[in-house]
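Residues per chain, in single letters:
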Amino acid sequence: MTTSKAPHILLLGGHGKIALLLTPKILSRSWDLTSVIRNPDQKEDIVAAGNKATGSKLGKLNILVESLDDVKSVEQARGVLERVRPDWILWSAGAGGKGGPTRTNQIDRYACQHFIRASIQSPTITKFLLVSALSVRRSPAPWWSPEDSRLVFEIKRGNMEVYLDAKLASDECLTVLAAEKRKEGGNIQDIILRPGTLSDVEETGKVVFGKTGAQGVVSRGNVAEVAVRLLEGGEDVRGWFDVMNGEGEVETREAIQKVLSEKIDCVDGEDFEVMKNNLEE
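Presented here is an overview of the structure given in this document. (Residues numbered from 1 in each chain as written. Predicted model: local features only at pLDDT ≥ 70, side-chain atom pairs only at ≥ 80, totals over all residues. Heavy atoms only, no water.)

### Topic: the overall build of the chain
Next up, step 1: A count of helical and extended segments in the chain gives 8 helices and 10 strands.
Next up, step 2: Compactness check: the chain gives a C-alpha radius of gyration of 18 Å against a globular reference of 19 Å for 281 residues, within 12% of the reference.
Next up, step 3: Counting only C-alpha atoms and orienting by the principal axes, one finds that the chain spans roughly 50 × 45 × 40 Å.
Next up, step 4: Per-residue burial for the chain yields a buried fraction of 52% across its 281 residues.
Next up, step 5: Restricting to contacts in the chain with at least 6 residues of sequence separation, those with at least 24 account for 78%.
Next up, step 6: Positive and negative charge centroids in the chain, built from 37 and 41 side chains respectively, lie 3 Å apart. (Helix = DSSP H or I, 4+ residues; strand = E, 2+ residues; numbered from the N terminus. Rg over C-alpha atoms; globule rule 2.2 N^0.38 Å. Buried < 20%, exposed > 50% of the residue type's maximum accessible area, 1.4 Å probe, protein only. Contact = heavy atoms within 4.5 Å. Lys, Arg positive; Asp, Glu negative; His and termini not counted. Charge placed at Lys NZ, Arg CZ, Asp CG, Glu CD.)

### Points about the side chain of histidine 114
Next up, step 1: Along the chain, the position of histidine 114 falls in helix H4 (residues 100-121).
Next up, step 2: For histidine 114, the side chain forms a polar contact with the main-chain oxygen of lysine 72, separated by 3.2 Å.
Next up, step 3: Apart from the residues within four sequence positions on either side, histidine 114 is in contact with Val71, Lys72, Ser73, Val74 and Ala77. (Polar contact = N/O pair within 3.5 Å; in protein donor to acceptor, adjacent residues only side chain to side chain.)

### Section: the pattern of salt bridges
Pairing of side chains with opposite charge becomes possible as their charged atoms draw close.
Next up, step 1: This structure, assessed with the given rule, holds 21 salt bridges.
Next up, step 2: Salt-bridge contacts for arginine 194 lead to aspartate 242; the nearest nitrogen and oxygen are separated by 2.7 Å. Of this pair, arginine 194 sits in strand S6 (residues 189-195) while aspartate 242 sits in strand S10 (residues 239-245); the two residues are 48 residues apart in sequence, bridging distant segments of the chain.
Next up, step 3: Several salt bridges share partner residues, and in doing so they unite Lys25, Arg29, Glu203, Glu225, Arg229 and Glu232 into one network. (Salt bridge = Lys/Arg side-chain N within 4 Å of Asp/Glu carboxyl O.)

### Quick look at the packing of aromatic side chains
Next up, step 1: All chains considered together, the criterion is met by 4 aromatic pairs.
Next up, step 2: Between tryptophan 144 and phenylalanine 153 the ring centres are 6.4 Å apart and the planes differ by 55°, which places this aromatic pair in the tilted class.
Next up, step 3: Tryptophan 144 gets classed as buried once you look at its relative accessible area, which sits at 8%.
Next up, step 4: Here the aromatic rings of phenylalanine 209 and phenylalanine 241 are separated by 5.5 Å at their centres, their planes lie at 15°, and the arrangement is stacked. With phenylalanine 209 in strand S8 (residues 207-210) and phenylalanine 241 in strand S10, this pair connects stretches of sequence that are 32 residues apart. By the burial criterion, phenylalanine 209 is buried, and phenylalanine 241 matches it.
Next up, step 5: Taking the ring centre of tryptophan 88 as reference, the NZ or CZ of lysine 127 above it sits at 4.2 Å. (Phe/Tyr/Trp six-rings, centres within 6.5 Å; stacked < 30°, edge-to-face > 60°. Lys NZ or Arg CZ within 6 Å of the ring centre and 35° of its normal.)

### Topic: the nonpolar core
Next up, step 1: Formed by 36 residues in total, the largest nonpolar core has its most connected members in Leu10, Leu12, Leu68, Trp91, Phe115 and Ile116.
Next up, step 2: Counting only elements with at least two residues in this core, the list comes to strand S1 (8-12), helix H3 (74-84), strand S4 (88-91), H4, strand S5 (127-131) and helix H5 (146-183).
Next up, step 3: Examining the composition of this core, we find that 7 residues originate from one element, H4, more than from any other.
Next up, step 4: In contact with leucine 10, not counting residues within four places along its chain, are Thr34, Val36, Val80, Leu81, Val84, Pro86, Trp88, Ile89, Leu90 and Phe115.
Next up, step 5: By size, the runner-up hydrophobic cluster in this structure holds 32 residues, among which are Leu22, Ile26, Trp31 and Leu231. (Core = buried A, V, L, I, M, F, W, Y, C linked by side-chain atoms within 4.5 Å.)

### Details of the layout of surface pockets
Next up, step 1: In this structure, the largest pocket encloses a volume near 1100 Å³.
Next up, step 2: Lining the largest pocket are 40 residues, and of these Ser92, Ala93, Gly94, Ala95 and Gly96 sit closest to its centre.
Next up, step 3: When residues of the lining of the largest pocket are traced back to their parent elements, those giving at least two are helix H1 (17-28), strand S2 (32-37), H4, H5 and strand S7 (197-199).
Next up, step 4: Its residues assigned to classes, the lining of the largest pocket shows 15 nonpolar, 15 polar and 10 charged.
Next up, step 5: Size it by volume and the second largest pocket reaches roughly 380 Å³.
Next up, step 6: If you go around the second largest pocket, you meet 15 residues; those closest to its centre are Lys17, Leu20, Leu21, Lys52 and Gly221.
Next up, step 7: Broken down by secondary-structure element, the contributors of at least two residues to the lining of the second largest pocket are H1, helix H2 (43-50) and helix H6 (220-231). (1 Å grid on protein atoms, 1.4 Å probe; cavity = no way out; pocket = protein on both sides within 12 Å on 5 of 7 lines; lining within 4 Å. Points joined across faces, edges and corners; volume = space filled by probe spheres on them. Nonpolar A, V, L, I, M, F, W, Y, C, P; charged D, E, K, R; others polar.)

### What to know about the environment of serine 132
Next up, step 1: Tracing the backbone through its elements, the reader meets serine 132 in the loop between S5 and H5.
Next up, step 2: Measuring from C-alpha to C-alpha, the distance between serine 132 and alanine 93 comes to 9.6 Å, with 39 residues separating the pair along the chain.
Next up, step 3: Residues in contact with serine 132, not counting those within four places in the same chain, are Lys167, Asp171, Ile192, Leu193, Arg194 and Pro195.
Next up, step 4: In terms of polar contacts, serine 132 uses its side chain to reach the side chain of aspartate 171, at 2.7 Å.

Structure (structure tokens):
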């Protein structure tokens, strides 16, 4: 009897709040993890997060010090991939408002797209999960209320335009290039997880998932749980998935299973040809 090899995950942005919550969840599933951080002083926090993992057989934790500020090309991103040799990529990095528009574009747009392109070109990477944001889209979602649309396109875009434009460029890059690779016979799952307003409240275990409204919050713990469940969800999981905290009796696992079984994709309402025409070189 043969058993499949546990996946090795490259977690980019390993010291972020969501990433620190992801770390024990990944290791508890017996998946190996390389967490990328920009500052060696952050190693202690990564190890502490890893120590929260539970189970009889934990994955192996590696830590790589590599600043995404310095990743200026696809070749440099490919160099990281060749050193780590991951099976799956999990992008949870971001400038976090530090360094102004220049750094936001470097991390959220350019470095992200360099890793997307390098991953798409890799014959061995089969999943790329990108943590984005619910408000990242060109036009209001068809299922949104007028108030949802006003919130996103009048209020949020006014204060976060550079960030949202950078994230949109990366989301569309992954969506288009993954679709083109599959069309050519390649194998890559593009999974874009799009939380609403983030909160540090405790993980609730209940979410609204799929085509949600734009008002409300979601805990970072819930986002981390949804991310790992999407990664373990099988070979046909791909698309845009919005998530908010939920109430009532619908647990995270049930909410995800329903959306995946019904093939719900929050890319609905966006124009693939527009994405393709706006793809950045």
